[in-house]
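Architecture and fold: a report
What follows is the residue order along each chain.
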Amino acid sequence: MAALVAVPTGACAWLLAIALPFAAMPVLSAIALALFVVILAWLWLDAWTVLFGFGRLRRGPDPRGIEATTPRDLALDAAVRVAVVMPICNEDVARAYAGLQATFESVAAEGLLAHFDFYILSDSTREDVRAAEVLGWVRLQGAAGAAGHLYYRHRRTPRGHKSGNVADFCRRWGRRYRYMAMLDADSVMSGACLRRLTQIMEAHPDIGMLQTDAHFAGCPTLYGRMQQFGDSAYRALYDAGARFWQLGESHYWGHNALIRVAPFMRHCALRRIPGRGPFSGEILSHDSVEAALMRRAGWGVWLTYPSPGSYEGYPLSLPEKLRRDRRWFRGDLMNLRLCAIPGLHPVHRLLFLGNVMGYLGSVVWAAFLLALTVLALRGGAASGVPWQAGLLLGITVGLLVLRKLLALALGFTGQSTTRQRDGRRFAASVACEALTMALLAPLQVLFHARVLVLAALGVGWRWTSPLRSGAQLGWRTALACHGIDVAVGFAWLALLWALRLDLWPWTVPVAVALLASLPLCVYTSRPALGRTTRRWGLFLTPEEREVPPVLRAFARHLAADASVPPAATVDAMRSDSEVSAARAS
């Protein structure tokens, strides 16, 4: 894998070195070349991964994989106990409980309640949310028949964020269970999926973590439906390819996964990162660290592919997605300090870098473009654009769109669509999604660069739970979120146009993207446009064409569920909720 990445990256770097003015400006040219090598290495790694995935999907399931070697009729021993754990903190209670109820009912329908218990682990600080959680828990006990299998616990002093919440559960009740299924507040999992994960764990006692390839579902806005479609169309390529070469040194994303409790308790306890400054303190992106520690202790960490019946939500607008990115970006930057931990597997060290490159890659792109801008403004580059730059641009664009082209190939060969009419709509969906995401890309680059600068300066921030649902984005909110980014982008373009008019054709696409970004943010956050595209047959996923029973149950419960009670109701029930929470503990 290293050779497959290094050889083409080196060839592309040689082409760029020919085009750069090393004689006139050696230091800045070397910086630009180094940044380009980082970008190309990561693009080639992604390209080879999706190419491996394409080959794997064309050939069908791996006959030697952990799924194929686990009998589907494997009976679970009576001693097998599984805790389904949902950590929450100031979440949309109706949304979280609807998914939990659908999961519980699916497990019950599979006849697995003798093996499964469910835990709601609350770190909520708002009293109205806490009261709604207790009321919802009491209602679920009766509505779902969950008495004796559904428990609620509220931590009076939440420490360590989500990882601290899970650690508290493990200290109190972990020894009762062989496995722990981790859910997020927007997770939905079918009983059949949980049964299959448990069977694989039982058949392979050397596996410590099983991560499902959870798919996005239930996103009503146009932005959410595009992301949902992209996940369905492209992610299979990456997951199949990652499984092909990562094997038992794979990802753990913190939810929709099954964990072997004993080694998790023994090896995956997390301490604070020592020191002062923005990259010390409580570990935020705990999941990748826990996976690395599990593998260091000799336990496999596997991505199960495919794993139908595993679903999660997605942010409904670009600003909300970037708000979540800010939290994850900070956590992944902190984890770079942990790459030097002795005994970690090399692949997990690479995954630490990969996680942060998902966000830092935007900043590297911005720095590379800035370096080229300075070279152009100082006259270090020759008039016009050398042919090597044009060739490199073509290669880079090809690597960026490779996943979409391979997804189209799978679609038209029957892997994703079955009829030519559906194939045309699938192609139209890919084209519309690609164009929209390309127009929004400059905003993401500028936002991630701003987050990195603020984090390096130690600017304060606050850990908040992501919004799982909410009103559509307004113009004022979009301007407040991205007005600075758009202004900076246009200032950079104006400077280029004023001093190097020959670069105008290369900067027009960026200008168009910046001009369209704010209207796109606003309009793609509207559920009405999401419903319209669904009526047109665009951005359809397999789960929308044929809704699985667990997602039908989730939608039914969400429509019937009550939202967070008004303040007056909360005040009236506050004492009762405290008593109920104490009894639950």
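Residues numbered from 1 in each chain as written. Predicted model: local features only at pLDDT ≥ 70, side-chain atom pairs only at ≥ 80, totals over all residues. Heavy atoms only, no water.

**Considerations on the overall build of the protein**
Which entries qualify depends on this criterion: What counts as a helix is a DSSP run of H or I of at least four residues, what counts as a strand is a run of E of at least two, and both are numbered from the N terminus. Burial classification: accessible surface area is computed with a 1.4 Å probe over protein chains only, and a residue below 20% of its type maximum counts as buried, one above 50% as exposed, and the rest as partly exposed. Contact criterion: two residues are considered in contact whenever any of their non-hydrogen atoms come within 4.5 Å of each other. Only the protein chains shown count as cover for residues, and all accessible areas are computed by the Shrake-Rupley method using a 1.4 Å probe.
In terms of helices and strands, the protein carries 19 helices and ten strands. Counting across all 585 residues of the protein, residues that qualify as buried make up 54%. Taking contacts inside the protein between residues at least 6 apart in sequence as the whole, the part at least 24 apart equals 83%. When the accessible area of the protein is evaluated, it comes to approximately 25600 Å², of which 63% is carbon and sulfur surface.

**Remarks on the confidence of the model for the protein**
Heads up, the condition is: For every residue, the predictor reports its confidence as pLDDT, a number between 0 and 100.
Scored by pLDDT, the protein has a mean of 82; 87% of the residues are at 70 or more. The model gives residues 380-384 a pLDDT under 50, and that stretch makes eleven contacts with residues more than four places away or in other chains. Per-residue pLDDT stays below 50 along residues 416-421; that stretch engages in nine contacts with residues further than four places along the chain or on separate chains.

**With respect to helix H12 (residues 387-412)**
Basically, it comes down to this: Expected helix span is computed as 1.5 Å times (number of residues minus one). Bend, at a single residue, is the angle you get between axes fitted to the 7 residues ending at that residue and the 7 residues starting at it.
Compared with an ideal rise of 1.5 Å per residue, which puts 26 residues at 38 Å, H12 spans 35 Å between its outermost C-alpha atoms and is within 8% of the ideal. The sharpest bend along H12 comes to roughly 50 degrees, located at valine 401. Of the positions making up H12, those classed as buried are Gln388, Leu392, Thr396, Leu399, Leu402, Lys404, Leu406, Ala407, Leu410 and Gly411.

**Focus: the packing of helix H2 (residues 26-59) against helix H7 (residues 222-246)**
Cut-off, in case you're wondering: Working convention: axes come from line fits to C-alpha atoms, limited for helices to the stretch in contact. Angles between N-to-C directions cover 0 to 180 degrees. Here the word oblique covers every angle except those under 35 degrees (roughly parallel), over 145 (roughly antiparallel) and from 65 to 115 (roughly perpendicular). Nonpolar residues are Ala, Val, Leu, Ile, Met, Phe, Trp, Tyr, Cys and Pro. Charged residues are Asp, Glu, Lys and Arg, and all others, Gly as well, are polar.
Two elements in contact, H2 and H7, have axes whose closest approach is 6 Å; the angle formed by their N-to-C orientations is 95 degrees. Classified by the interaxial angle, the pair formed by H2 and H7 is roughly perpendicular. From H2, Leu45, Asp46, Thr49, Val50, Phe52, Gly53, Phe54, Arg56, Leu57 and Arg59 reach across to H7, where they touch Ala236, Leu237, Tyr238, Ala240, Gly241, Ala242, Phe244 and Trp245. Within the contact of H2 with H7, the residues separate by chemical class into twelve nonpolar, three polar and three charged.

**Structural notes on the pattern of salt bridges**
Stated precisely, the cut-off is as follows: Whenever a carboxyl oxygen of Asp or Glu lies within 4 Å of a side-chain nitrogen of Lys or Arg, that contact is scored as a salt bridge.
Scanning all chains against the criterion turns up 18 salt bridges. With a closest N to O distance of 3.1 Å, aspartate 184 and lysine 162 form a salt bridge. Linking aspartate 184 in the loop between strand E4 (179-182) and strand E5 (188-189) with lysine 162 in helix H5 (residues 161-173), this pair joins segments that are 22 residues apart in sequence. Residue classification places lysine 162 among the buried positions, given a relative accessible area of 19%. Across the pair lysine 404 and glutamate 433 runs a salt bridge, and its minimum N-O distance is 3.1 Å. Residue lysine 404 is located in helix H12, and its partner glutamate 433 is located in helix H13 (residues 420-456); the two are separated by 29 residues in the primary sequence.

**Description of the sheet that holds strand E8 (residues 257-260)**
Quick note on the threshold: Strand pairing requires that DSSP identify at least two bridges connecting the strands.
A sheet is described by the order of its strands in space; here seven strands give the open sequence E3-E2-E1-E4-E8-E6-E9, paired in mixed fashion. If you trace the sheet from one side to the other, it starts and ends with strand E3 (150-154) and strand E9 (300-304), each paired once. Taking the axes of each pair of neighbouring strands and ignoring which way they run, one obtains an average angle of 20 degrees across the sheet. Across five bridges, the pairing between strand E6 (residues 207-212) and E9 is parallel. Note that in E9 the partner of methionine 209 across the bridge is valine 301.

**Brief notes about the pairing of strand E2 (residues 116-122)**
Applied cut-off: Here, the term right-handed applies to a crossover whose path from the first strand over the helix to the second runs clockwise when the strands point away from the viewer.
Judged by how many residues are buried, E2 sits mostly within the fold: seven of seven residues are covered. Of the two faces of E2, both are covered, the one formed by Phe116, Phe118, Ile120 and Ser122 as well as the one formed by Asp117, Tyr119 and Leu121. In terms of strand pairing, strand E1 (residues 82-88) meets E2 through seven bridges, oriented parallel. Residue pairing for E2: proline 87 is matched across the bridge by leucine 121. A crossover connection joins E1 to the parallel E2 through helix H3 (residues 93-109); in handedness this β-α-β unit is right-handed. Direction of pairing for E2 relative to E3: parallel, over a ladder of five bridges. Across the sheet, leucine 121 pairs through a bridge with arginine 153, a residue of E3. Where the polypeptide runs from E2 across helix H4 (residues 127-143) and back to E3, its parallel neighbour, the crossover connection is right-handed.

**A look at the sheet that holds strand E7 (residues 215-216)**
Pairing is mixed in the open sheet, where three strands are placed in the order E5-E10-E7. Across the chains shown, the open sheet's two edge strands, defined by having one partner strand only, are E5 and E7. Pairing geometry for E7 and strand E10 (residues 310-312), over two bridges, is parallel. In the sheet register, histidine 215 faces E10, and the bridge partner there is tyrosine 311.

**Quick look at the pairing of E9**
By the criterion of burial, E9 is predominantly enclosed, with five of the five residues buried. The side-chain alternation of E9 yields two buried faces, one formed by Gly300, Trp302 and Thr304 and the other by Val301 and Leu303.

**Points about the packing of aromatic side chains**
Here the distance between the centres and the angle between the planes together describe a pair of aromatic rings. This is how the line gets drawn: Working definition: a ring pair exists when centres of Phe, Tyr or Trp rings (six-membered ring for Trp) sit within 6.5 Å. Plane angles under 30 degrees give stacked, over 60 give edge-to-face, the rest tilted. Criterion for a charge above a ring: Arg CZ or Lys NZ at most 6 Å from the ring centre, at most 35 degrees from the ring normal.
This structure, assessed with the given rule, holds 18 aromatic pairs. On the numbers, 4.6 Å between centres and 50 degrees between planes, the contact of phenylalanine 216 with tyrosine 314 is tilted. With a gap of 98 residues between them, phenylalanine 216 in strand E7 and tyrosine 314 in the loop between E10 and helix H10 (318-335) connect regions that are remote in the sequence. Of the two residues, phenylalanine 216 and tyrosine 314, both sit in the buried class. One aromatic cluster is present, built from ring pairs that chain together Tyr119, Tyr151, Phe169, Trp173 and Tyr177. Sitting over the face of the ring of tryptophan 173, arginine 172 holds its NZ or CZ atom 6.0 Å from the ring centroid.

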